[in-house]
Structures are given as structure tokens and as C-alpha cells.
Amino acid sequence: MITGTTRLVALLGHPVAHSLSPRMQNAAFAARGLDWAYVALDVPPELFRDAVVGLAASGFAGANVTTPHKVAAAQLAESEL
């Protein structure tokens with residue numbers, strides 16, 4: 001169950017509905033007894049930067065990126081250095 005104290009981690013991609021990552025990551029969190037949840041977020045490329053800013057503002061513990069966002073993530077990281 002996700003509560004107000006659950007730490008959130010996201011997978012940003014487009015599409016992501018087919019991803020097995022949430023199932024695997026959530027099983028690992030449960031096995032470790034962590035109050036964490038991994039969610040897949042379908043983010044169109046034109047909204048990627050806004051999504052990353054939103055995750056940070058919302059207190060997400062972290063995120064992974066998948067196609068087509070890997071290059072955009074690297075560029076965003078470089079621009080913030």
C-alpha cells in the first residue's frame with residue numbers, strides 16, 4: 001500500500017506499459033521490507049524535462065529513463081552541472 005511515507009521511484013519512458021521493471025523493483029523493495037514503490041510513467045518526449053522537474057519537486061527518491069529519453073536525460077544532466 002502506498003502511503004504518505006512511501007518513497008517513490010519512477011521509470012520515465014514512452015511507451016512503458018510493457019515494462020517489467022515495476023514488478024521486479026517492487027518485489028525487491030518488498031523482499032527488503034522497504035516502504036518504497038516503483039512506478040512506470042509514460043512521458044512523451046516533449047514533456048520529458050517538465051516530468052523530471054515534477055519528480056524532483058514531488059520528492060521522488062530517484063528515476064530511471066528508457067527509450068526515447070536517454071539522450072535527453074544526459075543533456076539535461078549536463079546542462080544542470
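Residues numbered from 1 in each chain as written. Predicted model: local features only at pLDDT ≥ 70, side-chain atom pairs only at ≥ 80, totals over all residues. Heavy atoms only, no water.

S.K.: Hey, could you run me through the overall build of the chain in this one?
M.R.: Along its length, the chain carries 3 helices and 3 strands. Shown N-terminal to C-terminal, the secondary structure of the chain runs as helices and strands in the order β-α-β-α-β-α. The globule rule puts the C-alpha radius of gyration for 81 residues at 12 Å, and the 13 Å found for the chain is close to it. Expressed along its principal axes, the backbone C-alpha trace of the chain runs to roughly 35 × 25 × 15 Å. A separation of at least 24 residues holds for 78% of the contacts in the chain among residues at least 6 apart in sequence. Looking at the chain as shown, the accessible area adds up to about 5400 Å², and 60% of this sits on carbon and sulfur atoms. Between the centroid of the 5 positive side chains of the chain and the centroid of its 6 negative side chains there is a distance of 12 Å. (Helix = DSSP H or I, 4+ residues; strand = E, 2+ residues; numbered from the N terminus. Rg over C-alpha atoms; globule rule 2.2 N^0.38 Å. Contact = heavy atoms within 4.5 Å. Areas by Shrake-Rupley, 256 points an atom, 1.4 Å probe, with all protein chains shown as cover. Lys, Arg positive; Asp, Glu negative; His and termini not counted. Charge placed at Lys NZ, Arg CZ, Asp CG, Glu CD.)

S.K.: Can you walk me through the environment of P68 in this structure?
M.R.: Relative to the helices and strands, P68 resides in the loop between β3 (62–65) and α3 (70–79). For the pair P68 and F48, spaced 20 residues apart in sequence, the C-alpha separation works out to 9.7 Å.

S.K.: Any chance you could explain the side chain of T6 here in plain terms?
M.R.: Positionally, T6 belongs in the segment before β1 (7–13). For T6, a relative accessible area of 11% corresponds to the buried category. Among the polar contacts listed, one links the side chain of T6 to the backbone nitrogen of T3, at a separation of 2.8 Å. For T6, the side chain forms a polar contact with the side chain of D35, separated by 2.9 Å. Residues in contact with T6, not counting those within four places in the same chain, are M1, D35, W36 and A37. (Buried < 20%, exposed > 50% of the residue type's maximum accessible area, 1.4 Å probe, protein only. Polar contact = N/O pair within 3.5 Å; in protein donor to acceptor, adjacent residues only side chain to side chain.)

The analysis is restricted to geometry; functional conclusions fall outside its scope.
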